[in-house]
2 protein chains.
Amino acid sequence: MPDKPTLCRVHFLPDDRTIDVERGETILAAAQKAGIYISSLCGGDAICGKCRVILRSGPIQSKPTTLLDRDEIREGYVLACQCTVQGHIEIEIPPETRLEEGQFLGDEDAQRFGMLSLIGGAGFPYAPLVRKYHLQLGTPSMRSPLAGHERLKQGILTREPDASLQAGYAVLRDLNQILDQSHYDVTATIGRREATTEVVQVEPGDTSRENLGLAVDVGTTTVVVQLVDLVQARIVDSEAKYNSQMKYGEDYIRRIMYANEHNALDAMQRLIVGDLNELIEILIRRNGTNLHSITCAVVAGNTAMIHFFLGLDPTGIRKEPYVPAANFIPPLRAAQVGLHINPRGLLFTLPSVAAYVGADITAGAVAIRLDEQEELCLFIDVGTNGEVVLGHKDWMVCCSASAGPAFEGVGVEYGMRAARGAIERVHIGPDCRVEVETIGNRPPRGICGSGLLDLLAEMYRVGVLGRNARFQEACGASRLVKKDGNWQFVVVPKEDSAVDDAIVITQADVSNLIRSKAAIYAAISMLVKTVNVRTEDIRHIFLAGGFGNYLDIRNAITLGLLPDLPPERIHFVGNTAIAGARAALLSEEALKRIENVARMMTYIDLMANPKYMDEFVSANFIPHTDIERFPSVKPPRGPRGGDT
Amino acid sequence: MPDKPTLCRVHFLPDDRTIDVERGETILAAAQKAGIYISSLCGGDAICGKCRVILRSGPIQSKPTTLLDRDEIREGYVLACQCTVQGHIEIEIPPETRLEEGQFLGDEDAQRFGMLSLIGGAGFPYAPLVRKYHLQLGTPSMRSPLAGHERLKQGILTREPDASLQAGYAVLRDLNQILDQSHYDVTATIGRREATTEVVQVEPGDTSRENLGLAVDVGTTTVVVQLVDLVQARIVDSEAKYNSQMKYGEDYIRRIMYANEHNALDAMQRLIVGDLNELIEILIRRNGTNLHSITCAVVAGNTAMIHFFLGLDPTGIRKEPYVPAANFIPPLRAAQVGLHINPRGLLFTLPSVAAYVGADITAGAVAIRLDEQEELCLFIDVGTNGEVVLGHKDWMVCCSASAGPAFEGVGVEYGMRAARGAIERVHIGPDCRVEVETIGNRPPRGICGSGLLDLLAEMYRVGVLGRNARFQEACGASRLVKKDGNWQFVVVPKEDSAVDDAIVITQADVSNLIRSKAAIYAAISMLVKTVNVRTEDIRHIFLAGGFGNYLDIRNAITLGLLPDLPPERIHFVGNTAIAGARAALLSEEALKRIENVARMMTYIDLMANPKYMDEFVSANFIPHTDIERFPSVKPPRGPRGGDT
């Protein structure tokens, strides 16, 4: 093909910028040279599909891709990273493809969740699920004629003598060139896939200091991603958002029904994976890294969310005999589910116990080291479902209660997740003066879980709420206002709030929250009765959930969310699902322990038990119908404080 | 979307046939209903890309595919199996997509190679690399609530208690639906991938009787595929063709240079994979099966061909220190290299020893059970490269000689591979009457390896060839004719041949063949000297190669291809590479033994040894310059029979 030009002119629209490049250059590279910034997260690996541009005229050579659909291709869309310039061409950059400087860096909403999980990863032996070794393999000679692939294996085996190594096709195919060009000085990324150890990738030179992983918690209401430095074993950054599936139902049973009725399992999967990719994109941009450096993701979540995330049929979860498609998920390649990390990166999905006790609980149980405890412990995870585990290192029983997402800020008018500007502490002083503290000391935008718990306990303490959880109109008159015929309590007046209105809590909000706490307390009671122990035998209570960074244990008892035990026995442990996922990321042993916990936990089905409903109804008071159970909780102030 | 029609009209061109189908039906299914047969090997899995049709008008929904390039998509091409009808549409069937009845079944050229490999698979314990189990798993109940994936694993473990099972994403994703629809009556296909056992696929019902595998030998000159019934452990059918890479060089060194100079590694890979897919297609159609039933392929071949087949960089093979990219290849998914078998099917590539001793030799060595032999054995594989192995169960040394493809029929005017119509036996009677036998008793079309060997030995015996391998013009006058100034010997006169001309052998043909045999004999001599044994210590010689079904051992000695040992020590064993590949297909132990042989063989580099050239020159006579080495070979008849 000698008659084709070597230098090709590329004209970019709408910028009207022109640049000459060598034939064979990618459009992405040409744009960069022309000073036009095209969005690309994967750096040209045809993974992220962000770099779509429109070919207006001229010859190109393109690799087939599944990231563009037929209509897009017919409209002229191409992936800038997958097309090479073959002559003079004209390219249009659509607005969505253009990368604006600081698009994400300045996001006021972004909340760093560095402290969201209060449990550290210390105590598990350091052995990340995916690790990098810098290897100087020595060049082959007549005396040392070992083939490239075997030379690499030999090099890795000097670091991990017992590994049963296996390289995938992509690694094998590119290996020789990488060895050759790097003079046999490479970094091998390896990851454990059950009995074999996979050579995930081989890169030229020493990249062993750049190895990132993701700890992920896919909640029914909230999705959290933590970026973890696997070399330094530290959290780099975190980000969270509400689950986009919420529009198809607040609880996952509704979503399963929706998916079945509308044949929408794929769509539901895309929503979750899309949420995660959004969070990953924010984390990548904010921390100046790229997809390539993220070699691994560990995902926790309840059983239904794990099913949706993987596109597994969740039908069995909602129908008797409540059988999931899978509790134990083999390691996969993250790209297989569409997760935007290193295209060869591994995806570890943590194991579930049953349809209603998922990987968030097995991960959490290991995060709090329940499997090491000698004494009787209670582990409570307050999420959209409230799961409760009772036991210690030798046995564990668990159950689930439909608590609903009220403590995650959903179904509460000014509820919000624990993000900047969320009220996380509330104190009601004399004359119903309400003092609040917000996350990041920002002007208040709403109230997160711990703030709601404080608020209810304080309203009860000062007599604004009665034991029946109804507003006591005689009290707090200055703050109680009627709107559209319904009473509401003003937490932050309009002039002090960041939302151009007063931040209030309504009677409906209070009822939602009380139902939530009642469901959990009833589950605790049932579990204690089922295994025939006494509440006072419980030496430790671990309370987990995305409440925020701070939670007042005393208030949790006052409200009757937790049993009335000495506060020193009760520990608020934050998001333990993400802590467990992070522990697994950093420690093969932690992963094994999570798998072991999933096998040893016995699931107790409370929903079928009519006594559970009785317990639930009794718990719909503050702290409880049976006040004897809460000797330390003082009756509230006010005219009807003693009312039952 | 209630306003879209439920029944859609599909109009097929150029047939001008119209059919109404339900919206959502695939175009492939619509064509079948209309009685139009569209080529599709994979049955709608978007693997084979055969079912391309052109959308002329109307709405469809299509899945993204990499089997169509950008230009094709813009011209309207779609894959009939991946597009659903969404309204009234018009479809054009291009001629290449139309399946003509009996297109392959009647192929006169097709030669069944059932007997091509003379070594059986008996003696290796039966344990196919990929096997199927029919499992009745029992439906879940409240008492038996095991999740689908774990239920399947439990079922497989009843058959293989020690397996470390792992299911891939595709299996996991579809499992629940298959379990549900089949009432938990399924067939699991499992395959060994090093330390783990993979669940390759799960099908509803009992398909355990349908499990096919491919034994493949990718030769420099000839590519052979054998279809093997893995359940009954028998050869179903075989097919062979010349390697399409031949146009880039008869030997692989030239092809490596070509690939490097033209950046054509991908293209070279596509050629080989294309050849294999052609052979697979013939085997599938001829035996009325489909891609789905072929769950496994085992591939042998020399090191260079294995590199080309897998798209591995072969550069190191031709340059000192002669280091391949890989000798040991992990099991891959066949679809990864583009091989058209079950999309989830596994590809096992047998291991090589060094750049010039490949998987064809390790496979062959195990096929002849060299690794069990107590006495000294010589294993000779006459292919484009002639490889020689000397040793027994405790040690093996091996080397390679550039024999060239003359005995495969290439570089010989009327040479051909062992297919129907090939002359495989030749006898020269009184008055130079030439008697021939052809494969399949067809009219002769050419001469295959064993026929050429016979022909030369007979020409030498009757004095037409002198010891210097030149035509003796005084002899065989009736058959020796001059054409364009060069002598040629008429083997079959025009009136008896199937090729509309006389079948002859030229002086140039003879020289090619003699160089070939000399290269191999010289290699044998060098190896014997290197390890300091005597030729007469060799208890067994195994001669392998694609000569045909029949080879006259006595003639091989007469020509000086083999050392002059008692004929009962010499065994013609046919294509041992394919026999070894088939043994591995059917026996995990055979695969392990081939891997073990690859580790224990010591490669001796003859090419760098100047003594090899001396040996080669001396061997360019019939039987050899040093006639003392061949006491049993009588001098030829004729005036200059005794000439040295």
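Before reading further, recall that the structure is shown in the block above.
From a predicted model like this one, the values you see are computed outputs, not experimental measurements. (Residues numbered from 1 in each chain as written. Chains lettered and ligands numbered in written order. Predicted model: local features only at pLDDT ≥ 70, side-chain atom pairs only at ≥ 80, totals over all residues. Heavy atoms only, no water.)

A few points about the overall build of chain A
Scanning chain A from N- to C-terminus turns up 15 helices and 29 strands. For chain A, the C-alpha radius of gyration of 28 Å lies close to 26 Å, the compact-globule estimate for 644 residues. Oriented by its inertia axes, the alpha-carbon framework of chain A measures out at about 95 × 60 × 45 Å. Here chain A displays about 24,500 Å² of accessible surface, and carbon together with sulfur accounts for 47% of that area. (Helix = DSSP H or I, 4+ residues; strand = E, 2+ residues; numbered from the N terminus. Rg over C-alpha atoms; globule rule 2.2 N^0.38 Å. Areas by Shrake-Rupley, 256 points an atom, 1.4 Å probe, with all protein chains shown as cover.)

Topic: helix α6 (residues 265-286) of chain B
Its 22 residues give α6 of chain B an end-to-end C-alpha distance of 32 Å, which sits within 8% of 32 Å, the value for a rise of 1.5 Å per residue. Following α6 of chain B by one or two positions, Gly 288 of chain B has its phi on the positive side, about 60°. (Expected span 1.5 Å × (residues − 1).)

Some thoughts on the nonpolar core
Within the largest apolar cluster, 90 residues are counted, with the highest numbers of intra-cluster contacts made by Phe 309, Leu 310, Leu 339, Leu 347, Leu 350 and Met 601 of chain A. Setting aside chain neighbours within four positions, we find Leu 350 of chain A in contact with Val 298, Val 299, Ala 300, Asn 327, Ala 359, Ala 363, Ala 581, Ala 584, Leu 591 and Ile 594 of chain A. With 89 residues, the next largest nonpolar core counts Leu 129, Val 224, Ile 272 and Ala 359 of chain B among its residues. (Core = buried A, V, L, I, M, F, W, Y, C linked by side-chain atoms within 4.5 Å. Buried < 20%, exposed > 50% of the residue type's maximum accessible area, 1.4 Å probe, protein only. Contact = heavy atoms within 4.5 Å.)

Describing the packing of helix α11 (residues 507-530) of chain A against helix α15 (residues 610-618) of chain A
Residues and elements named next belong to chain A. α15 packs onto α11 with a crossing angle of 130° between their chain directions and a minimal axis gap of 8 Å. Overall, the two elements α11 and α15 adopt an arrangement that is oblique. Crossing handedness for the pair α11 and α15: right-handed. Contact residues: α11 offers Arg 515, Ala 518, Ala 519, Ala 522, Ala 523, Ser 525, Met 526 and Lys 529, while α15 offers Lys 611, Tyr 612, Glu 615 and Phe 616. Residues of the contact of α11 with α15, tallied by class, amount to seven nonpolar, one polar and four charged. (Axes fitted to C-alpha atoms, helices over the stretch in contact; angles between N-to-C directions. Parallel < 35°, antiparallel > 145°, perpendicular 65-115°, else oblique. Left-handed = near helix turned anticlockwise from the far one by under 90°. Nonpolar A, V, L, I, M, F, W, Y, C, P; charged D, E, K, R; others polar.)

Here's the deal with the layout of surface pockets
Its boundaries defined by the atoms lining it, the second largest pocket holds a volume of some 960 Å³. In this structure, the second largest pocket is lined by 38 residues; those nearest its centre are Asn 327, Phe 328, Pro 351 and Arg 599 of chain A together with Glu 150 of chain B. Sorting the residues of the lining of the second largest pocket by element identifies β17 (346-349) and α14 (588-600) of chain A together with α3 (148-159) of chain B as the ones contributing at least two each. Of the residues forming the lining of the second largest pocket, the biggest block, six residues, is contributed by α14 of chain A. In terms of residue class, the lining of the second largest pocket is made up of 24 nonpolar, five polar and nine charged. (1 Å grid on protein atoms, 1.4 Å probe; cavity = no way out; pocket = protein on both sides within 12 Å on 5 of 7 lines; lining within 4 Å. Points joined across faces, edges and corners; volume = space filled by probe spheres on them.)

Quick look at the pattern of salt bridges
Residues and elements named next belong to chain B. Throughout the structure, instances matching the rule amount to 60 salt bridges over all chains. In this structure, Arg 286 and Glu 239 form a salt bridge, with 2.7 Å as the shortest nitrogen-oxygen distance. Here Glu 239 lies in strand β14 (residues 234-242) and Arg 286 lies in helix α6, a separation of 47 residues in the sequence. The class of Arg 286 is buried, set by a relative accessible area of 12%. (Salt bridge = Lys/Arg side-chain N within 4 Å of Asp/Glu carboxyl O.)

So, the relation of the copies chain B and chain A
When chain B is fitted onto chain A, the two copies agree to an RMSD of 0.1 Å after a turn of 180° and an axial shift of 0.1 Å. Taken together, these values place the two copies in the relation of a two-fold axis. For chain B, the residue whose C-alpha comes nearest the rotation axis is Arg 74 of chain B, separated from it by 2.6 Å. Both copies share a contact surface, since 100% of the interface residues of chain B are interface residues in chain A too. (Least-squares fit on C-alpha atoms with pLDDT ≥ 70 in both.)

Side note on the sheet that holds strand β26 (residues 503-506) of chain B
Backbone hydrogen bonds are what pair the strands of a sheet, in a parallel or an antiparallel way. All names here are of chain B. The antiparallel open sheet is built from three strands, whose spatial order is β24-β25-β26. The sheet is open, and its two edges are formed by β24 (480-483) and β26, each paired on a single side. Neighbouring strand axes in the sheet, compared pairwise and without regard to direction, differ in orientation by 45° on average. In terms of strand pairing, β24 meets strand β25 (residues 486-492) through four bridges, oriented antiparallel. Bridging across to β25, Lys 482 finds its partner in Trp 487. Of the strands in this sheet, β25 and β26 touch helix α10 (residues 449-461), which is tilted by about 65° from β26. (Pairing = 2+ DSSP bridges.)

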